[in-house]
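Fold and contact review
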Amino acid sequence: DQQVKQNSPSLSVQEGRISILNCDYTNSMFDYFLWYKKYPAEGPTFLISISSIKDKNEDGRFTVFLNKSAKHLSLHIVPSQPGDSAVYFCAASATARGNKLVFGAGTILRVKS
Amino acid sequence: GAGVSQSPRYKVAKRGQDVALRCDPISGHVSLFWYQQALGQGPEFLTYFQNEAQLDKSGLPSDRFFAERPEGSVSTLKIQRTQKEDSAVYLCASSRGGTNSYNEQFFGPGTRLTVL
């Protein structure tokens with residue numbers, strides 16, 4: 001069973017506009033959520049995280065929103081840049097159960113110039 | 001560099017061979033994780049170490065997979081009698097804290113294993 005789902009395999013956005021990537025989870029024990037970016041032939045790079053005590057965390061152009069009641073989180077990138085083109089993974093962990101990350105399948109973001 | 005390093009970056013093995021994959025975590029990081037990533041999917045958890053103790057190995061797919069971190073730093077993932085279905089990218093990650101702490105994990109570049 002997929003505990004973390006990214007339902008959009010790909011997203012195409014114009015440079016300068018907002019990119020919104022979505023993620024849903026099913027396990028109510030998850031209390032820490034992370035977004036990673038991955039380029040081909042490289043490991044995932046940490047972008048931003050949020051704990052379950054917050055509903056928003058912002059870092060420069062990146063903002064993550066958490067809706068616990070809906071078990072949904074999203075990553076907003078504003079403004080989008082061509083260098084943001086990559087695969088984005090949503091991940092979740094239950095800190096009481098050892099911090100192992102459960103990943104979604106990823107969303108390919110293409111930012112067109 | 002100060003990041004997580006893995007070697008080799010690429011490994012081709014004949015079915016039935018044993019392989020050993022190495023991970024050098026960020027210095028001082030307490031936690032070390034191994035993940036397996038199949039093509040087109042997200043990474044999947046294999047095993048977790050806190051210092052030298054292997055606290056969770058629930059993700060190891062079979063008893064052919066074995067991991068160790070004897071001195072609490074470098075870790076090795078060993079796969080015995082490799083099978084074609086073992087072909088994947090093996091990712092290592094480390095994080096500063098231990099269990100019950102919010103710490104992001106930093107990933108290495110991965111080892112791409114191809115079993116012929």
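Now for a look at the structure at hand. (Residues numbered from 1 in each chain as written. Chains lettered and ligands numbered in written order. Predicted model: local features only at pLDDT ≥ 70, side-chain atom pairs only at ≥ 80, totals over all residues. Heavy atoms only, no water.)

As for the overall build of chain B
Counting its secondary structure elements, chain B contains zero helices and 11 strands. When the helices and strands of chain B are listed from N to C terminus, the series reads β-β-β-β-β-β-β-β-β-β-β. A globule of 116 residues ought to have a C-alpha radius of gyration of about 13 Å, and chain B, at 13 Å, matches this closely. In terms of overall dimensions, chain B has a C-alpha envelope of 40 × 30 × 25 Å along the principal axes. Here chain B holds 116 residues, and 47% of them are scored as buried. Within chain B, contacts between residues separated by at least 24 positions form 54% of all contacts whose residues are at least 6 apart in sequence. Here chain B displays about 5700 Å² of accessible surface, and carbon together with sulfur accounts for 47% of that area. (Helix = DSSP H or I, 4+ residues; strand = E, 2+ residues; numbered from the N terminus. Rg over C-alpha atoms; globule rule 2.2 N^0.38 Å. Buried < 20%, exposed > 50% of the residue type's maximum accessible area, 1.4 Å probe, protein only. Contact = heavy atoms within 4.5 Å. Areas by Shrake-Rupley, 256 points an atom, 1.4 Å probe, with all protein chains shown as cover.)

Side note on the sheet that holds strand E3 (residues 19–24) of chain B
Residues and elements named next belong to chain B. Read across the sheet, four strands follow the order E1-E3-E8-E7 without closing on themselves; strand pairing throughout is antiparallel. Looking at strand neighbours, the two that pair on one side only are strand E1 (5–7) and strand E7 (65–68), the edges of this open sheet. Strand-to-strand twist of the sheet, defined as the mean angle between neighbouring strand axes without regard to direction, takes the value 15 degrees. Direction of pairing for E1 relative to E3: antiparallel, over a ladder of three bridges. Paired with Gln-6 across the strands is Cys-23, a residue of E3. (Pairing = 2+ DSSP bridges. Axes fitted to C-alpha atoms, helices over the stretch in contact; angles between N-to-C directions.)

By themselves, these figures tell us nothing about what the structure is for.
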